[in-house]
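As a plain string of letters, each chain reads:
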Amino acid sequence: MRKTLLFICFLFVSVFVFGQDEISVSGKVTDSDGLGIPGASIVIEGTTTGTITDMDGNYNLSVPPDATLTFSFVGLQSQIVPVDGRSVINVQMTESTVDLEEVVVVGYGEMKVKDLTSSITTIKSDDLAKTPTGQAMQAMQGKVAGMQVVSSGAPGDAPTIRVRGIGSYPGQGNESPLYVVDGMFFDNIDFLNSSDITSISVLKDASAAAIYGVRAANGVVLIETKSGSYNKEAEITYDGYYGVQVAQDILKMANAEQFTTMAMESGSAADAQYIQNAMQRYGRSRINPNVPDVNTDWYDEILRPGAIQNHSVGVSGGGENTTYSLGANYFAQEGILDMKNDYERFNLRSKIDYRATDRLTVGANVIFSNSTKYMQDGAAWFEAYYAVPVMPVYDEQNEAAWPDKFASAQTLGYRGGKNPFTAMTYSNNRDKLRKTMASFYAELDIIPDMLSFKTTYNHDFTSSEKREVRLPYYLTENAQRENSSVAKTAANWSNQSWDNVLTFQQDFGPHDLTVMVGTSYRDESYQGLWATGLDFPVDQEQAWYLNQSETKPENSVNDNGLRQYGMSYFGRISYNYNNRYLLYGTMRADGSSKYQETWGYFPTIGAGWVVSEESFMDDVSFINYLKIRGSWGELGNDKIQASDGARTTSVINTAINDNLVAGTIASSTYSELEWELTEEINVGVTSRFLNSNLSVEADYYIRDTKNAAIYVNIPSVGQTVLRNVGVIRNSGFELALNYRNSISDDLSYSVGANLSTLENEVRDLYGQPYIDGGSAEFRQRSIVGEPLLAFFGHEVTGVFQNEEQIANSGLTEQFIDESGIEPGDFIYKDQNGDNVIDDKDRVVLGSYFPSFMYGANLGINYRNFDFSLSLTGQTGNKILNRKRGEIIWTNDGNMDADLAINRWHGEGTSNKYPSSAGLRKGYNQKMSDYFVEDGSFFRIQNVQLGYTFDTENWLGGQLPGARIYVTAERPLTVFDYNGFNPEVSDGIDRQTYPIPAVYTVGLNLKF
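The rules behind each value
The residue numbering used here restarts from 1 in each chain and proceeds along that chain's sequence as written. Given that this is a predicted model, residues contribute local features only at a pLDDT of at least 70 and side-chain atom pairs are listed and counted only at 80 or more, while totals for whole chains, interfaces and linings are drawn from all residues. With hydrogens and water set aside, each side-chain value is computed from the structure's full complement of heavy atoms. The helix count covers DSSP runs of H or I at least four residues long, the strand count covers runs of E at least two residues long, and both are numbered beginning at the N terminus. For a compact globule the rule gives 2.2 Å times the number of residues to the power 0.38, and the radius of gyration it is set against comes from C-alpha atoms. For each residue, the accessible area found with a 1.4 Å probe, counting protein chains only, is set against the maximum for its type, and the residue is called buried under 20%, exposed over 50%, and partly exposed in between. What makes two residues a contact is simply this: any of their non-hydrogen atoms within 4.5 Å. Computed with a 1.4 Å probe, the accessible areas rest on the Shrake-Rupley method; for each residue, only the protein chains presented here act as cover. Positive charge is attributed to Lys and Arg, negative charge to Asp and Glu, and no charge count is given to His or to the chain ends. A single reference atom marks each charge: NZ on Lys, CZ on Arg, CG on Asp, CD on Glu. Throughout, nonpolar core names a set of buried Ala, Val, Leu, Ile, Met, Phe, Trp, Tyr and Cys residues whose side chains join them through atoms within 4.5 Å. All the domain ranges listed were derived from an automatic or database domain assignment. Joining two parts hides part of their accessible area as seen by a 1.4 Å probe, and the buried area is that hidden amount summed over both. A pair of strands counts as paired when DSSP detects no fewer than two bridges linking them. The angle between two axes is taken between their N-to-C directions and runs from 0 to 180 degrees, where each axis is a line fitted to C-alpha atoms and a helix contributes only its stretch in contact. The term salt bridge refers to a side-chain nitrogen of Lys or Arg lying within 4 Å of a carboxyl oxygen of Asp or Glu. Two rings belonging to Phe, Tyr or Trp (six-membered ring only in the last case) form a pair when the distance between their centres is within 6.5 Å. Interplanar angles under 30 degrees mark stacking, angles over 60 mark edge-to-face geometry, and anything in between is tilted. Charge-over-ring placement is defined geometrically: NZ (Lys) or CZ (Arg) within 6 Å of the ring centre, and within 35 degrees of the ring normal. Here, the arc refers to the directions that run from the helix axis to the C-beta atoms. Whenever a nitrogen or oxygen atom comes within 3.5 Å of another N or O atom, the pair is scored as a polar contact, on the condition that within protein one atom can donate a hydrogen and the other can accept it, and that pairs from neighbouring residues in sequence are kept only if both atoms are in side chains. Helix crossings fall into two classes, left-handed where the near helix is turned counterclockwise from the far one by less than a right angle and right-handed where it is turned clockwise. Nonpolar residues are Ala, Val, Leu, Ile, Met, Phe, Trp, Tyr, Cys and Pro. Charged residues are Asp, Glu, Lys and Arg, and all others, Gly as well, are polar.

Overview of the overall build of the protein
Then, in step 1: A count of helices and strands for the protein gives 13 helices and 53 strands.
Then, in step 2: Since a compact globule built from 1007 residues should have a radius of gyration of about 30 Å, the 32 Å found for the protein is in line with a globular shape.
Then, in step 3: Overall, the C-alpha framework of the protein stretches about 105 × 80 × 70 Å when taken along its three principal axes.
Then, in step 4: In the protein, which comprises 1007 residues, the share counted as buried stands at 53%.
Then, in step 5: In the protein, of all internal contacts separated by at least 6 residues, the share reaching a separation of at least 24 is 70%.
Then, in step 6: Carbon and sulfur atoms form 53% of the exposed surface of the protein, whose accessible area is close to 42,700 Å².
Then, in step 7: The average position of the 78 basic charges and that of the 125 acidic charges among the side chains of the protein differ by 3 Å.

This is the structure:
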């Protein structure tokens, strides 16, 4: 069939393209990996004359010497190339940006980029594949203006995704966007592999997302998986890489000498004695006899390089009536924590479309995912931070220890064991997850090219088997686990939906109208069962079952279940007049069994004006396309609970007939909740300049959540309850620029950048002055006019250097004496000037929301080589370094080296950190900006260098197309924060899994 089509095309060219002045032009059309593209179209501009490439991407065409050729292929950016008398023209096509004529996925349909009035960003598979990760959304970091991706270093853990800030009160699992995979709704896509994805589209504004109604308030992420193509021979691909993960920016802790110095300066007789005990037990250092002969770097002991690998095989193609795409993927990742801490996943996928008749097409899409994750024991990071460096990992003198001779700090006098290896060795946390996503559809062209109807059934079934095992051990009296325990959880989720969509599309001269109406029914259920057993045989994993346990506490067995269902009606109208004036509107009515208020209504409207189509722009040659667009819409968030509160009973005493009588009173704080409603206004510009080589997208938005569920104080009962009475605003500006150019047939390049601002603001708290969050020791506070859960405490202006400075500080003598202030203590700012430091002097210290995010990319293609570089960063966010703050409860542990080196230890030595003795005083342990640090960072996100082999000239062209590449992911991160990394999802770093750098070598094959 393909040979016949090629013959017809060449015959067509030979008949219509002729003349003495014509020349023969040949070449090869390749993708971004340098592999030939079969079926690419080459057309002489201004005519219908052209040809298509053969199976290897080669073409030949007779053209006038001054002709201009247009190269195009579905899903790739079209290129316009002048012939300029050349006989050989090679073209490389890319997917990384979306051209104006390209069709992008929108809710329940597709639209051309030039027809959009919404803010939508689409990232293609080429860019996703550059990131070595098991989480597809991790590959989006730094690529989409307005989207924050907070990485996670733990194997198998998904990153935190936020689109245009947070419009709900945090901490209730209500912040993440909606994910729609080929029409199916998900809370995350941790089961998908990047190699299975064709594109990811982020619907950022209300105009784009409102079609999804009650689930769209946090943004919508549309994922389109790979499909086959009609009339295309089978293509077999292999994509794989193998590499290593390496912990970077390892937090430097105080060594034995620094720790000993701090202990001796602390003024604590107990701490000094512990050092003496360590020298008696382990000897004295020959370098410094005043220091124990042990210098353990605990992070070095618990970290390891971790292997990472990915292998994907795919087969795709199609005949005259059928398309197919089949694939298998294996991904494995070791954690960098040296324990049973890894992730393994195996995926199978199948997508088939069958054109049953000229009017009826049916299809099925099935994805199966089977994963096993061994999770970290978070206590290991906590223990490693505070573990004293004057103690080794193992201690043969600790004869009572079993089953391993691990050292315990209690043998030196410290209160606990302070050895992270107990958590790493005697814990085993496993989660087996199986997921099946099945989708079946039928589409009928009622009136060809005008009226169509599509019905789709989706079913997502997920089962989870969790097992948490704690094995017994003994180090010392305060560092032991007497009983073994196994906790089992079996859970499954079943989500079904049935969508029906009727679409009308017709051109009436300059008028282009598309009308869509539809319904959606969903049925979601959950079942869970969990239990705990104690004292089972620990030597063999085969015995780690509940029926092997000697004891099963009655209160440890429980089960739960949930079922919710809903019905939705929706519609969309899109109108285009002469490619110049655009109107767009959607409406969705959502009915849900979750809330007492059953129905919600979510309208939106958008408009666009293509200024470049106006006659007064004809002479403005450098502007190729300019569109001004705006939209308004309402969105819903149903991730909040259905109700809150309880009926409470209080005991009171009262006088009756002069007798004191005890009794009770009952009160209710019950509150019925409903979905949150978000209203958004967005204005933007879409433009192309300099022969369409430069694209510029800009947006400004204001997003208000008008009935946010916030905690309201009930004075009569002294409790708080959630109510839909808050107002939260997110606003910001987004800009994305991309420039592409071909210098010659051998050399082309692209440069891109994006940036976004974010202002998160509490607008109304139902008359309350503030809502407290965090803990009493590390306070966060939501205040009208400030960000949600801002850090709240004292402002440090320096460190007292001498007694004279204390006397002249303005603080009252009574306060100085009561607080025990001395040189080496903090100087707090007296905000209200009352000459004492108390809670009235607390102020907002910052927010964990970044106020500015940015990303950049560079791509260069030279002959068979390709090079890409991406950068990302953010600023304006703060991190609460709770690791330092935990000294409130563990003042005999270790500390970071920066604090140990730059502590105050005499006049003029430091104006930033207190003295060793001061660290242990309550006065210096107040919540302050000493604990709240700058979370800004700059990162080289990804560097990749590839080479495509010219295999068509090897062994008669029998070898497959091949490309080899090397990748460095996150090789450099620059930041000032005193931690492993500045990416902390909620801004509170008590202990965070380090985010490693990843170095891989990979291979692409195409048969």
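Overview of the nonpolar core
Then, in step 1: Formed by 52 residues in total, the largest nonpolar core has its most connected members in Y299, I302, L303, L337, V390, M391 and Y414.
Then, in step 2: By residue number, the principal contributor to this core is helix α7 (residues 379-386), which donates six residues.
Then, in step 3: Of all hydrophobic cores here, the second largest spans 45 residues; its members include F800, L811, F931 and V932.

Let's talk about the domain arrangement of the protein
When the parts come together, some accessible area is lost, and that loss is often what is quoted as the size of the interface.
Then, in step 1: Domain boundaries in the protein define domain 1 (23-96), domain 2 (99-228), domain 3 (256-294) and domain 4 (763-848 + 879-933).
Then, in step 2: If you average the C-alpha positions of domain 3 and of domain 4, the two centres end up 29 Å apart.
Then, in step 3: In this complex, domain 3 contributes eight residues to the contact, which on the side of domain 4 involves 14 residues.
Then, in step 4: Around 870 Å² of area is buried between domain 3 and domain 4 when both sides are counted, 60% of it from carbon and sulfur atoms.

Some thoughts on the sheet that holds strand β14 (residues 184-186)
Then, in step 1: Across the sheet, five strands lie side by side as β10-β15-β16-β13-β14; this open sheet has mixed pairing. Both edges of this open sheet fall to β10 (120-124) and β14, since each of them pairs with a single strand only. Pairs of neighbouring strands in the sheet enclose a mean axial angle of 20°, with direction left out of account.
Then, in step 2: Note: strand β13 (residues 178-181) against strand β16 (residues 220-225), four bridges, orientation parallel. Of the residues in β16, the one forming a bridge with Y179 is V221.

Regarding the pattern of salt bridges
Then, in step 1: Taken as a whole and judged by the stated rule, the model has 48 salt bridges.
Then, in step 2: In this structure, R629 and E697 form a salt bridge, with 3.2 Å as the shortest nitrogen-oxygen distance. Placement of R629 in strand β31 (residues 623-637) and of E697 in strand β37 (residues 694-714) is noted, with a sequence separation of 68 residues between them.
Then, in step 3: A single salt-bridge network, built from bridges that share partners, covers R164, K204, E680, R703 and E734.

Regarding the packing of aromatic side chains
Centre-to-centre distance and the angle between the planes together describe a pair of aromatic rings.
Then, in step 1: This structure, assessed with the given rule, holds 36 aromatic pairs.
Then, in step 2: The structure contains a cluster of three or more aromatic residues connected by ring pairs, namely F778, F815, F826, Y828, W889, Y913, Y923, Y930 and F931.
Then, in step 3: A cation over a ring is seen here: R355 above Y230, with NZ or CZ 4.0 Å from the ring centre.
Then, in step 4: Here K454 stacks its cationic end above the ring of Y441, 4.7 Å away from the centre of that ring.

Observations concerning the sheet that holds strand β2 (residues 41-44)
Then, in step 1: In spatial order, the strands read β3-β2-β5-β6; together these four strands make up an open sheet with antiparallel pairing. In this open sheet, the two edge strands, each paired with only one partner strand, are β3 (50-52) and β6 (79-82). Averaged over all pairs of adjacent strands, the angle between strand axes in this sheet comes to 20°, irrespective of strand direction.
Then, in step 2: Both strand β5 (residues 68-72) and β6 contribute to a ladder of four bridges, which runs antiparallel. Of the residues in β6, the one forming a bridge with L69 is V81.

Some points on helix α4 (residues 256-265)
Then, in step 1: Along α4, the residues classified as buried are A256, F259, T260, M262 and A263. Along the axis of α4, the buried residues cluster in a sector spanning 160°; they form a single face.
Then, in step 2: Where α4 is buried, its residues meet α5 (269-282), α12 (897-901) and α13 (916-919).
Then, in step 3: The opening residue of α4, the one whose side-chain oxygen lies 3.2 Å from the backbone nitrogen of E257, is N255.
Then, in step 4: Phi turns positive one or two residues past the end of α4, at G267, with a value near 80°.

Points about the environment of Y238
Then, in step 1: Secondary-structure assignment places Y238 in strand β17 (residues 232-246).
Then, in step 2: Given a relative accessible area of 21%, Y238 falls into the partly exposed group.
Then, in step 3: Once you skip the residues sitting within four places of it in the chain, Y238 turns out to touch H311, S312, V313, L1003, N1004 and L1005.
Then, in step 4: Here the side chain of Y238 touches H311 through a polar contact of 2.8 Å, side chain to side chain.

Quick look at α7
An α-helical segment advances 3.6 residues per turn. Residues three or four places apart therefore align on the same side.
Then, in step 1: Summarising burial for α7: six of the eight residues are buried, a large majority.
Then, in step 2: Looking at α7, one finds that the buried residues are A380, W381, F382, A384, Y385 and Y386.
Then, in step 3: Looking at the buried side of α7, the elements it contacts are α6 (298-302), α8 (421-425) and α11 (882-885).

Some words on the environment of A270
Then, in step 1: Relative to the helices and strands, A270 resides in helix α5.
Then, in step 2: Each C-alpha atom of the pair A270 and L444 lies 82 Å from the other, and the pair is 174 residues apart in sequence.

Examining unusual backbone geometry
Then, in step 1: That bond from W402 to P403 is cis: its omega, -5°, falls within 30 degrees of zero.
Then, in step 2: Here P403 is to be found in the loop between α7 and α8.
Then, in step 3: The backbone of Y766 sits at a positive phi, close to 60°, despite the residue not being glycine.
Then, in step 4: One can find Y766 in the loop between β40 (759-764) and β41 (770-774).

Focus: the pairing of strand β38 (residues 719-742)
Then, in step 1: In this structure, β37 lies alongside β38, joined through 19 bridges in antiparallel fashion. Its bridge partner lying in β38, E697 is registered against A736.
Then, in step 2: Here β38 pairs with strand β39 (residues 747-757) via nine bridges, running antiparallel. Paired with N738 across the bridge in β39 is G752.

Details of the environment of Y241
Then, in step 1: Following the sequence through the fold, Y241 ends up in strand β17.
Then, in step 2: Taking the relative accessible area as the measure of exposure, Y241 reaches 8% and is therefore buried.
Then, in step 3: Spatially, the C-alpha atom of Y241 lies 23 Å from that of R863, the residues being 622 residues apart in sequence.
Then, in step 4: In this structure, Y241 is in contact with P132, T133, I308, Q309, N310, H311, F331, Y965, T1000, V1001 and G1002, ignoring residues within four places of it in sequence.
Then, in step 5: Engagement of the side chain of Y241 in a polar contact is seen with the backbone nitrogen of T133, the distance being 3.2 Å.

Looking at the packing of α4 against α5
Then, in step 1: Remark: α4 packs on α5, axes separated minimally by 7 Å, with the N-to-C direction vectors making an angle of 140°. Along this stretch, α4 crosses α5, giving a crossing that reads as left-handed. Across from F259, T260, A263 and M264 in α4, the residues of α5 making contact are D271, A272, I275 and Q276.
Then, in step 2: Of the residues in the contact of α4 with α5, the class split is five nonpolar, two polar and one charged.

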